[in-house]
Amino acid sequence: MAATVHAVLTIALRDLRQRVRDRSAIILAVVAPFALAYLFSVMLPGGSAAFHTSYAVVDLDGGPVARSLVNGPLAALKEAGVADVTAMADEAEARAKVEDGAMAAAIVIPAGFSDAVGAGRAAELKVIGGADATLAAGVARSVLKGFASGVESVQVSIATVLVSSGAAPDPALIARLSGEALAVPDPIILADDRTADRVASNMTFYAASMAVLFVFFAAQFGVTSLLAERRAGTLARMLAAPISPQTVLAGKVLVSIVLGVVSMGIVALGTSLLIGARWGDPVAVAALIVTTVLAASGIALLVVGFAKNEDQAGGLTAIVAMTLAVLGGSFFPMSQAPEGLAQLSLFTPHAWFLRGVNDLASGAGVEAVVSSLAVLTAIGLGSGGLGLLRARSVVLAR
Amino acid sequence: MPTPVLDCRDLRKRFGSRTAVDGVSFSVAAGETYGLLGPNGAGKTTTISMICGLLGRDGGEVVVDGRPIDVGSTDAKAAIGYVPQDLAIYPDLSARENLRFFGRLQRLSGRVLETRVGEVLELIALSERADDRTSEFSGGMKRRLNIGIGLLHRPRLLVLDEPTVGVDPQSRNAILSSVADLGSEGLAILYTTHYMEEAERLCDRIGIIDEGRIRAEGTRRELVGLIGEKDRVTLVAGGSLGPAARALASVERVQEATATDGRIELVVEEARSLLPRILQEAAAAGAVVRSVEVVEPDLEAVFLHLTGKALRD
Ligand SMILES: Nc1ncnc2c1ncn2[C@@H]1O[C@H](COP(=O)(O)OP(=O)(O)OP(=O)(O)O)[C@@H](O)[C@H]1O
Ligand SMILES: [Mg+2]
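What counts, and where the lines are drawn
- Residues numbered from 1 in each chain as written.
- Chains lettered and ligands numbered in written order.
- Predicted model: local features only at pLDDT ≥ 70, side-chain atom pairs only at ≥ 80, totals over all residues.
- Heavy atoms only, no water.
- Axes fitted to C-alpha atoms, helices over the stretch in contact; angles between N-to-C directions.
- Helix = DSSP H or I, 4+ residues; strand = E, 2+ residues; numbered from the N terminus.
- Parallel < 35°, antiparallel > 145°, perpendicular 65-115°, else oblique.
- Left-handed = near helix turned anticlockwise from the far one by under 90°.
- Contact = heavy atoms within 4.5 Å.
- Nonpolar A, V, L, I, M, F, W, Y, C, P; charged D, E, K, R; others polar.
- Pairing = 2+ DSSP bridges.
- pLDDT = per-residue confidence, 0-100.
- Near = heavy atom within 4 Å.
- Polar contact = N/O pair within 3.5 Å; in protein donor to acceptor, adjacent residues only side chain to side chain.

## A few points about the packing of helix 4 (residues 139–151) of chain B against helix 5 (residues 169–184) of chain B
Residues and elements named next belong to chain B.
Inference 1: With their axes 10 Å apart at the nearest point, helix 4 and helix 5 run at an angle of 15° to one another. When the axes of helix 4 and helix 5 are compared, the pair comes out roughly parallel. Crossing handedness for the pair helix 4 and helix 5: right-handed. Contacts from Gly140, Arg143, Arg144, Ile147 and Leu151 of helix 4 reach helix 5 at Ser171, Ile175 and Leu182.
Inference 2: Tallied by class, residues from the contact of helix 4 with helix 5 come to four nonpolar, two polar and two charged.

Dropping the structure here:
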């Protein structure tokens, strides 16, 4: 038994060393998913790691309260690199900039604002947003709300004005937005947070999608090398040693699992630390990762059982990984998929993993992902079991 | 006869409709070198793969060092040192790392492993290059390492599958003499080749294999004797050749003696042992012998006789 464990580790370590030496595994297992998650999050609508916008500020008041708004929260936005803030002399100019898209939104501080606040009278701030830049306008609104809530004893209302180039603004949208602005019961609820949440959840979705897509490529390295070693003759040489075919298989499967866990683990950790993804409860995420890697390794082993050589296995793995990823919602969320596809997706590890991450990201604990864990484990054991049966003949064929 | 180190009986293997090995039986004793001599496709590698537990068989039995060998065997395989026909080494590892890896699989570790790796490197004359990647090695160096890996764990049976294929004559000589040394140290060696000279030089006994069957087996002499061919001796000589030929013809085991211009041609049984007597008789009959050539029938001829085809195509 100890000898078997020793042999399994010896085989796995040699393989891992080779994988570290030749960079292709690292690129496929770590660099590619991380880079793609980042790119998607920047390119696709809805979320941006590097959210950046531009505001025009029209200070018609010039008083101390107005200055504190400009030098306080708005300056902070600029400093944080979230927005360029440009001062403008009059509202018409700012409105024109928003209309032609040069500015995402304009913030207008009306004349008499400071006086009104000083006298305890109601005061109003105005946000002019392009209809197609609602996120930017939303950020502006939330910043102003935050400021307003800090202005004690004064009711500062924030009027939102929508402009759009050419077509008339959608009245329903205006009504909704202004209603929202007016109906905010507690100005302290910062839309700022909600925006960050949305960005984070998009980031998490892309990170998780790419992690589960690429774990198939990472996991294939271990088991596919069975075919390469068979061709090179080193497999036969290993089997001539006092070890069984199962020991060699175990060594290779272990490599797949280690590479898979490292790949997904680094993507999860990296996207959390560097681009603001929020995966949720670390223990539950770890469990989800391990079971997903199990499923990916099992499927990779099954593919190896059907391939003649390592090139064929690589091609087959790519086809299987991409098909499962599309079906499983790695490229677009399953909530947008037609009914039949959503059902089909339940046969993919991707769907179960993404569903699990989604639950965890919104704050659920490990108990929320039990079904995902169970299904992923079952997929892993099922495909892995079939794969082992076939792989035995791979190992013993010359 | 002591119990053989390797005993295989009635081995059979088919690949689809092709029968690769068709009832092969032989055994190899400690200190004995057994050659499987046969052309390409004869079934040598298939036989070896079954002996080493690398390939499932359709029939037959293999016993090594008293223990049966099967594809699932573990401990029993420790008695075998396997040197595959095609180089089986990792190009991205150094010679030392290759030896260490396979040594660990042979359950060596720690100091024992390091010492043994050093010894084997010495034996295969690669100590100088031990830490170079094997992808930078010459063909002969790779061959030597390929053999060294099979020796690491001091097996009782060394199985060499055409270890000199594609090797330059010098390296080949070195390989052959180290195999001969290993044999004299008591290792049982199974050696496959399609080079007649290697089988003749190294092997105590030879099995001639063709189309999955051993056609004949024995020492070189036994095999040659099997086809009843005699040695041919040519004496290049001056003096009275006719009387000398007549005198020689009456010597026991000399079957023919004819004088032609400047030489006497003899057909002799076991010429080497009779040579002093032949020279003596020739001199006594007045011939002045300037040179002697002995041509013994070789395994090539035996193979041709047994199979109707040449050993090498
Ligand atoms: N995996 C396989 N699948 C199908 N046929 C095979 C396989 N391995 C060997 N054979 C066939 O079995 C026969 C014996 O092959 P084997 O490799 O044992 O010959 P060999 O004596 O080692 O030849 P060589 O001197 O060329 O190495 C050949 O006809 C070969 O084509
Ligand atoms: Mg062969």
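## Brief notes about the sheet that holds strand 10 (residues 213–218) of chain B
Consider a sheet: its strands pair through backbone hydrogen bonds, and that pairing is either parallel or antiparallel.
All names here are of chain B.
Inference 1: Taken together, the six strands give an open sheet; going across it, the order is 6-7-8-3-9-10, and neighbouring strands pair in mixed fashion. Unpaired on one side and paired on the other, strand 6 (80–83) and strand 10 mark the two borders of the sheet. Averaged over all pairs of adjacent strands, the angle between strand axes in this sheet comes to 15°, irrespective of strand direction.
Inference 2: Two elements, strand 9 (residues 205–210) and strand 10, share five bridges in a ladder whose sense is antiparallel. Residue pairing for strand 10: isoleucine 208 is matched across the bridge by alanine 216.
Inference 3: Where helix 1 (residues 44–51) meets the sheet, it contacts strand 3 (33–37), strand 6, strand 7 (157–161), strand 8 (188–193) and strand 9, and its direction lies at approximately 150° from that of strand 8.
Inference 4: Packed on one face of the sheet, helix 10 (residues 299–307) meets strand 3, strand 9 and strand 10 and runs near 40° to strand 9.

## A few points about the confidence of the model for chain B
All names here are of chain B.
Inference 1: The share of residues in chain B with pLDDT of 70 or more is 98%, and the mean pLDDT across the chain is 90.
Inference 2: At the level of individual helices and strands, chain B shows its lowest average pLDDT in helix 10, which scores 81, and its highest in helix 2 (residues 95–105), which scores 97.
Inference 3: Confidence estimates for the predicted assembly give a pTM of 0.73 and an ipTM of 0.82.

## Notes on unusual backbone geometry
Trans peptide bonds make up most of the peptide bonds, and negative phi angles are found at most residues other than glycine.
Residues and elements named next belong to chain B.
Inference 1: The phi angle at glutamate 162 is positive, at roughly 45°, despite the residue not being glycine.
Inference 2: Tracing the backbone shows glutamate 162 in the loop between strand 7 and helix 5.
Inference 3: Positive phi is not limited to glycine here, since glutamate 211 has a value of about 50°.
Inference 4: With respect to the element layout, glutamate 211 can be found in the loop between strand 9 and strand 10.

## Details of the site of ligand 1
Inference 1: Contacts to ligand 1 come from 14 residues, most closely from Gly41, Lys44, Thr45, Thr46 and Glu162 of chain B.
Inference 2: Looking at what sits near ligand 1, you find residues from chains A and B.
Inference 3: The side chain of threonine 46 of chain B places a nitrogen or oxygen atom 2.5 Å from an oxygen atom of ligand 1.
Inference 4: A distance of 2.9 Å separates an oxygen atom of ligand 1 from a polar atom in the side chain of glutamine 85 of chain B.
Inference 5: Looking at the shell around ligand 1, the elements that each hand over two or more residues are strand 2 (18–28) and helix 1 of chain B.
Inference 6: Examining the composition of the shell around ligand 1, we find that three residues originate from one element, helix 1 of chain B, more than from any other.
Inference 7: A class-by-class count of the residues in the shell around ligand 1 yields four nonpolar, six polar and four charged.

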